[in-house]
Amino acid sequence: MAGPLPLGDPAPADGRLPADLSIDPAAPFSAYLHVPFCRVRCGYCDFNTYTASELRGARQDAYADTLIGEIGLARAVLSEHAPLRPLSTVFFGGGTPTLLPAGDLGRMLGAAIDAFGIVDGAEVTVEANPDTVTPAVAEELAAAGVTRMSIGMQSAVPHVLAALDRTHRPENVRTAVEAARAAGLAVSVDLIYGAPGESLEDWRASLETAVDLRPDHISAYALIIEDGTKLARQIRRGEVPAPDDDLQADMYELADTALADAGFDWYEVSNWARRSTGDAGSEKGGGDRRSRHNMAYWRGTDWWGFGPGAHSHVAGLRWWNVKHPAAYAQRLATGESPAAGAERPDAEAAQLERILLRSRMAEGLPLDDLAPEARTRVAGLIADGLVDAGAALRGTLVLTRRGRLLADAVVRALTD
Ligand SMILES: C[S@@+](CC[C@H](N)C(=O)[O-])C[C@H]1O[C@@H](n2cnc3c(N)ncnc32)[C@H](O)[C@@H]1O
Ligand code: SF4
């Protein structure tokens, strides 16, 4: 199971927001819908997700109706504060959303659209495990209003998939991508690098296979060893080696070079979007293939996170739901808010978060947002090759490739 929730303050049982919360009715609004089910748990993953034997009576077949209950609560709570805003982006994440019937995902999406409305051209993403995507599923999702599918590919190399404990069949990635594309969905694939036993050549092969699929978007994450996972235990017992930082850095550089050569531009440290070809007919979202939902997180706009363990952020207030699907269903069954805790970060904490998130994006962090003392350190970061000199001259802090590899150190230098 994922790590503990933050402590924060208790959240009110009726879900009401603080009376002094000032919501900007013109700011974009997004919805994250969590689907906390997986067929098996991958050895590295600590997401808030549950296999059948861990559900403690929570019912997967009743999940959509339970979550629709939270959508009703959100509508009531938000409409007390400001005019309701239509959804700019919707993201079904997991877990494995495609373990639910497409009809359930469609009903949840329909309920969210009925409650809030949706802007023209909104981005609606569903995360999917490759083994769960058939042409029929992709078509049903597209008909329900889904526009984008994010597929957990992770690697194309069998021994790497085995080290990650992945059970999907590598050939199903292509089948899933083709099914999604045939249904008119934009396609993203997720990759992980630095698994035990993965060589630079293995990683090159995965990148080549991913590029060959012609996705619109690629996420490539360095494997993180999360406490409490099977992989962390295997490493502690000495059964498999821990990731090597230098090799992971080489893998990042290889990814950035290979993806740039294949026509993908980075727009966040771990995310690349396929460059526009200028062929408007084949472009979704006007040729911009970046994940607008993830950009909403990184830019710190407003979103409501539905489902167990989901986090929300509205007008500077953050809150998070109870973690287990059984506790979540029980709260909603008795008309109570599923929120477990809330916090309102002070100005200093909010500024730290803004620097952390914005500095990882290619659009960068306006230098004016930095405290005067932090601004004096930018010249040193440029001299060290970590920050782009040209962008800084134009008033924005943008990381170089070396800076992206050392992003945490840059943030420390700007905030210590
Ligand atoms: C919710 S999963 C995606 C969909 C689906 N559950 C799947 O895995 O096929 C989100 C992504 O997070 C990434 N991820 C999860 N745990 C990670 C870890 N410990 N280190 C790096 N990436 C991780 C994986 O790339 C995964 O595809
Ligand atoms: S399928 Fe995805 S969410 Fe489920 S355990 Fe694996 S990585 Fe985590």
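Residues numbered from 1 in each chain as written. Chains lettered and ligands numbered in written order. Predicted model: local features only at pLDDT ≥ 70, side-chain atom pairs only at ≥ 80, totals over all residues. Heavy atoms only, no water.

A. Local environment of the packing of aromatic side chains. Under the definition given, this model contains 10 aromatic pairs. A ring pair is formed by Phe37 and Tyr63, whose centres lie 5.2 Å apart and whose planes are at 85°; its orientation type is edge-to-face. With Phe37 in the loop between β2 (29-35) and α1 (63-79) and Tyr63 in helix α1, this residue pair connects regions lying 26 residues apart in the sequence. Taken individually, Phe37 and Tyr63 each receive the classification buried, so the pair is uniform in this respect. Considering the side-chain rings of Tyr252 and Trp272, the 5.8 Å spacing of their centres and the 45° angle between planes classify their relative orientation as tilted. With Tyr252 in helix α8 (residues 245-261) and Trp272 in strand β9 (residues 271-274), this residue pair connects regions lying 20 residues apart in the sequence. Of the aromatic side chains, those joined through ring pairs into one cluster are Phe37, Tyr63 and Tyr328. Over the aromatic face of Trp266 sits the side chain of Arg404, whose NZ or CZ is 4.0 Å from the ring centroid. (Phe/Tyr/Trp six-rings, centres within 6.5 Å; stacked < 30°, edge-to-face > 60°. Helix = DSSP H or I, 4+ residues; strand = E, 2+ residues; numbered from the N terminus. Buried < 20%, exposed > 50% of the residue type's maximum accessible area, 1.4 Å probe, protein only. Lys NZ or Arg CZ within 6 Å of the ring centre and 35° of its normal.)

B. Highlighting the site of ligand 2. Every residue near ligand 2 is listed here: Cys38, Arg41, Cys42, Tyr44, Cys45, Gly95, Thr96, Asn129 and Arg166. When its residues are assigned to classes, the shell around ligand 2 shows four nonpolar, three polar and two charged. (Near = heavy atom within 4 Å. Nonpolar A, V, L, I, M, F, W, Y, C, P; charged D, E, K, R; others polar.)

C. Here's a closer look at the site of ligand 1. What surrounds ligand 1 is a group of 18 residues, the closest being Gly95, Gln154, Arg166, Asp190 and Ile224. One of the backbone nitrogen or oxygen atoms of Ile224 is found 2.9 Å away from a nitrogen atom of ligand 1. Notes on ligand 1: free accessible area 560 Å², of which the protein chains cover 92%. Where the shell around ligand 1 is concerned, the elements lending two or more residues are β4 (118-128), β5 (148-154), β6 (186-193) and β7 (217-222). (Polar contact = N/O pair within 3.5 Å; in protein donor to acceptor, adjacent residues only side chain to side chain. Areas by Shrake-Rupley, 256 points an atom, 1.4 Å probe, with all protein chains shown as cover.)

D. Molecular detail of unusual backbone geometry. Here the bond from Gly94 into Gly95 is cis, since omega is 15°, no more than 30 degrees from zero. Position of Gly95 among the secondary structure elements: in the loop between β3 (87-94) and α2 (102-116). With a phi angle near 70°, Gln154 is a residue other than glycine that sits in the positive phi range. Tracing the backbone shows Gln154 in strand β5. Backbone geometry places Ala315, a non-glycine residue, at a positive phi of 50°. With respect to the element layout, Ala315 can be found in the loop between β11 (311-314) and β12 (317-321).

E. Broad picture of the packing of helix α6 (residues 200-212) against α8. Running from N to C, α6 and α8 point in directions that differ by 30°, and their axes come no closer than 10 Å. Compared by their axis directions, α6 and α8 come out roughly parallel. Crossing of α6 against α8: the hand is right-handed. Contact with α6, carried on its side by Leu200, Trp203, Arg204, Leu207 and Val211, involves Leu247, Asp250, Met251, Leu254, Ala255, Ala258 and Leu259 of α8 and no other residues of that element. (Axes fitted to C-alpha atoms, helices over the stretch in contact; angles between N-to-C directions. Parallel < 35°, antiparallel > 145°, perpendicular 65-115°, else oblique. Left-handed = near helix turned anticlockwise from the far one by under 90°. Contact = heavy atoms within 4.5 Å.)

F. Up close: α8. With 17 residues, α8 should reach 24 Å at 1.5 Å per residue; the first-to-last C-alpha distance of 24 Å fits that figure. Looking only at α8, the buried set comprises Gln248, Met251, Tyr252, Leu254, Ala255, Asp256 and Leu259. In the core, the buried residues of α8 are packed alongside β6, α6, β7, β8 (264-268), β9 and α15 (401-405). One side-chain oxygen of the residue at the start of α8 lies 2.8 Å from the amide nitrogen of Asp246, identifying that residue as Asp244. Just downstream of α8 lies Gly263, where phi reads positive at about 95°. (Expected span 1.5 Å × (residues − 1).)

G. Inspection of the confidence of the model for the chain at higher detail. Taken residue by residue, the chain gives an average pLDDT of 95. The fraction at 70 or more is 96%. In the model, residues 280-285 has pLDDT below 50 throughout and makes nine contacts with residues more than four positions away in sequence or in other chains. (pLDDT = per-residue confidence, 0-100.)

H. Layout of the environment of Glu198. Within the element layout of this structure, Glu198 appears in the loop between β6 and α6. Residue Glu198 is classed as buried on the basis of its relative accessible area, which comes to 4%. Separated by 91 residues in sequence, Glu198 and Arg289 have C-alpha atoms that sit 29 Å apart.

I. Inspection of α2 at higher detail. An ideal rise of 1.5 Å per residue puts 21 Å on 15 residues; α2 measures up with 21 Å between its terminal C-alpha atoms. All of the buried residues in α2 are Ala102, Asp104, Leu105, Gly106, Met108, Leu109, Ala111, Ala112, Ala115 and Phe116. Close packing links the buried residues of α2 with β2, α1, β3, β4, α3 (135-144) and β10 (302-306).

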